[in-house]
Amino acid sequence: MRQISYVLKYNLINLQYKFYKMTEENFQKRIDAEKKIEPKDWMPTDYRKHLVRQISQHAHSEVIGMQPEGNWISRAPSLRAKMILLAKVQDEAGHGLYLYSACETLGISREELVQQLHDGKAKYSSIFNYPTLSWADMGAIGWLVDGAAIVNQVSLQRTSYGPYSRGMVKICKEESFHQRQGYEIMAEMAKGTKEQKEMAQDALNRFWWPSIMMFGPQDSDSPRTRNAMKWKIKRQTNDELRQNFIDKTVGQAEIIGLIIPDKDLKWNKERGHYDFGEMDWNEFWNVVNGNGPCNKQRLAHHRRVHDEGEWVRNAAKEYARKQELVKSN
């Protein structure tokens with residue numbers, strides 16, 4: 001009897017493996033045929049995990065990214081600048097909501113996602129762990145940080161997961177406005193007084209390298225890239241996206257008379273791209289691992305505000321419950 005049990009168990013495992021293999025092959029065929037994967041479709045466990053990690057990190061970045069800019073709303077140099085920055089920060093909050101909603105379609109709750117952030121199990125973009133020391137930093141963030149985000153997110157409009165892809169379409173439209181707002185600030189300061197131009201150059205000097213590190217580690221040090229490209233979650237690798245951003249941005253700096261802080265930056269006619277210097281990967285990993293200038297400050301602020309807002313979430317849930325009762329009666 002025991003031998004028969006082992007045989008049955010073996011046959012069951014073998015059958016499950018063949019079923020999984022057939023299902024995975026069909027899944028990949030659908031990906032290769034450029035068909036979107038929707039929430040109720042079968043998907044490999046690792047595909048789902050990869051999406052949860054990537055989309056939640058994207059959502060956290062949008063929300064945490066409100067902090068360094070929100071700090072300057074009350075100190076904007078004009079009413080127009082204040083209104084534009086306020087609208088931009090509100091947009092970022094909306095982007096976070098779109099992305100959390102997309103992530104929830106993968107079977108994880110928003111509460112779990114926020115708890116993972118607070119526990120340090122989930123990451124957000126390393127760029128938001130740097131301080132914003134002057135108004136010119138608002139320009140640098142809009143021009144460089146949102147510019148880098150657009151390069152990445154335009155590619156993500158074609159990602160294989162439907163809800164993520166559709167969310168990116170709306171987000172990209174708003175990010176384009178953010179990038180123009182930042183570039184306008186830098187351009188105005190660059191043609192202003194000597195002190196204003198120096199302030200703009202200083203902001204560029206401090207945010208240039210962290211901005212190109214936003215695209216993540218080099219492809220050779222990014223173990224998740226292979227599956228991300230195979231499943232078409234990503235359409236371009238980290239290094240390809242980084243090169244694209246640099247090629248677009250150098251000319252923009254030249255137009256407004258600012259200098260990219262990279263002595264190795266030069267046009268390579270053979271490659272048709274700019275060559276650029278080596279990034280400080282020790283700094284990158286230090287910030288990613290929670291030891292950047294503002295890591296602890298950003299998370300502490302998010303935890304505090306999240307706790308203070310609990311009564312609002314409870315009130316909204318109670319209101320929704322009462323509305324359901326009214327409908328049922």
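Treat the numbers as computed from the prediction; the structure is a model and nothing was measured.

Draft legend 1. Quick peek at the packing of helix α4 (residues 79–104) against helix α6 (residues 135–156). Taken N-terminus to C-terminus, the directions of α4 and α6 make an angle of 45 degrees; their axes are 13 Å apart at the nearest point. Between α4 and α6, the angle is such that the two are oblique. For the pair α4 and α6, the crossing hand works out as left-handed. For the pair α4 and α6, contact is made by Ala81, Leu85, Lys88 and Glu92 and by Trp135, Met138, Ile141, Gly142 and Asp146, respectively. A per-class count over the contact of α4 with α6 returns five nonpolar, one polar and three charged.

Draft legend 2. Structural view of helix α10 (residues 238–255). Spanning 18 residues, α10 covers 27 Å between terminal C-alpha atoms, matching the ideal 26 Å at 1.5 Å per step. Within the sequence span of α10, burial applies to Asn238, Leu241, Arg242, Gln243, Phe245, Ile246, Thr249, Val250 and Ala253. Check the buried side of α10 and you find it contacts α6, α8 (194–213), β2 (273–275) and α11 (281–291). Remark: Gly257 follows α10 within two positions and exhibits a positive phi of approximately 80 degrees.

Draft legend 3. Molecular detail of the nonpolar core. Judged by nonpolar contacts, the single largest core of 50 residues is most densely connected at Trp135, Met186, Trp208 and Phe245. Sort the elements by how many residues they give to this core and α6 lands first, with 10 residues. Formed by 23 residues, the second largest nonpolar core is a distinct cluster that contains Ile31, Met43, Ile55 and Tyr164.

Draft legend 4. Examining the packing of aromatic side chains more closely. Counted under the stated rule, the structure contains 10 aromatic pairs. Centroid distance Phe27 to Trp42: 6.1 Å. Interplanar angle 75 degrees. Geometry classified as edge-to-face. Of the two residues, Phe27 is situated in helix α1 (residues 2–32) and Trp42 in the loop between α1 and α2 (45–64); the sequence distance between them amounts to 15 residues. Given the relative accessible area of 35%, Trp42 is considered partly exposed. Each ring, one from Phe27 and one from Tyr47, has its centre 4.9 Å from the other, and the planes form 70 degrees; the classification is edge-to-face. Of this pair, Phe27 sits in helix α1 while Tyr47 sits in helix α2, and the two are 20 residues apart along the sequence. Comparing Phe27 with Tyr47, the two get one shared label, buried.

Draft legend 5. Geometry of the pattern of salt bridges. Tallied over the entire structure, the rule returns 18 salt bridges. A salt bridge links Lys191 to Glu188, with the nearest nitrogen and oxygen atoms 3.5 Å apart. The class for Lys191 is exposed, based on a relative accessible area of 62%. Here Glu188 falls in the partly exposed class, since its relative accessible area comes to 45%. Arg271 is the salt-bridge partner of Asp275, the closest N and O atoms lying 2.8 Å from each other. For Asp275, a relative accessible area of 22% gives the class partly exposed.

Draft legend 6. Structural detail: the side chain of Thr132. In this structure, Thr132 sits in the loop between α5 (110–118) and α6. For Thr132, the side chain forms a polar contact with the main-chain oxygen of Pro68, separated by 3.1 Å. Here Thr132 is in contact with Pro68, Asn71, Trp72, Asp137, Met138, Ile141 and Phe207, once residues within four sequence places are set aside.

Draft legend 7. Broad picture of the side chain of His58. With respect to the helices, strands and loops of the structure, His58 is situated in helix α2. Within polar-contact distance, the side chain of His58 engages the side chain of Tyr164 at 3.0 Å. Setting aside chain neighbours within four positions, we find His58 in contact with Leu99, Gln153, Leu156, Tyr164 and Met168.

Draft legend 8. Representation of the environment of Asp239. Looking at where Asp239 falls in the secondary structure, it is placed in helix α10. For Asp239, a relative accessible area of 29% gives the class partly exposed. With 110 residues separating them along the chain, Asp239 and Asn129 place their C-alpha atoms 22 Å apart. Excluding its chain neighbours within four sequence positions, the residues that come into contact with Asp239 are Pro217, Gln218 and Asp219.

Draft legend 9. Quick peek at unusual backbone geometry. Positive phi, close to 65 degrees, is recorded for Glu34, a residue that is not glycine. Position of Glu34 relative to the elements: it lies in the loop between α1 and α2. Even without glycine at this site, Lys232 takes up a positive phi of about 60 degrees. Among the structural elements, Lys232 can be located in the loop between α9 (225–230) and α10.

Draft legend 10. Focus on the confidence of the model for the chain. Across the chain, the average pLDDT comes to 91, with 93% of residues at or above 70. The element-level mean pLDDT for the chain is lowest in α1, coming to 65, with α8 highest at 97.

Draft legend 11. Here's a closer look at the environment of Glu112. Mapping Glu112 onto the fold places it in helix α5. The exposure class of Glu112 is partly exposed, given its relative accessible area of 42%. In terms of polar contacts, Glu112 uses its side chain to reach the backbone amide nitrogen of Ser109, at 3.0 Å.

Reading the values: the criteria
- Residues numbered from 1 in each chain as written.
- Predicted model: local features only at pLDDT ≥ 70, side-chain atom pairs only at ≥ 80, totals over all residues.
- Heavy atoms only, no water.
- Axes fitted to C-alpha atoms, helices over the stretch in contact; angles between N-to-C directions.
- Helix = DSSP H or I, 4+ residues; strand = E, 2+ residues; numbered from the N terminus.
- Parallel < 35°, antiparallel > 145°, perpendicular 65-115°, else oblique.
- Left-handed = near helix turned anticlockwise from the far one by under 90°.
- Contact = heavy atoms within 4.5 Å.
- Nonpolar A, V, L, I, M, F, W, Y, C, P; charged D, E, K, R; others polar.
- Expected span 1.5 Å × (residues − 1).
- Buried < 20%, exposed > 50% of the residue type's maximum accessible area, 1.4 Å probe, protein only.
- Core = buried A, V, L, I, M, F, W, Y, C linked by side-chain atoms within 4.5 Å.
- Phe/Tyr/Trp six-rings, centres within 6.5 Å; stacked < 30°, edge-to-face > 60°.
- Salt bridge = Lys/Arg side-chain N within 4 Å of Asp/Glu carboxyl O.
- Polar contact = N/O pair within 3.5 Å; in protein donor to acceptor, adjacent residues only side chain to side chain.
- pLDDT = per-residue confidence, 0-100.

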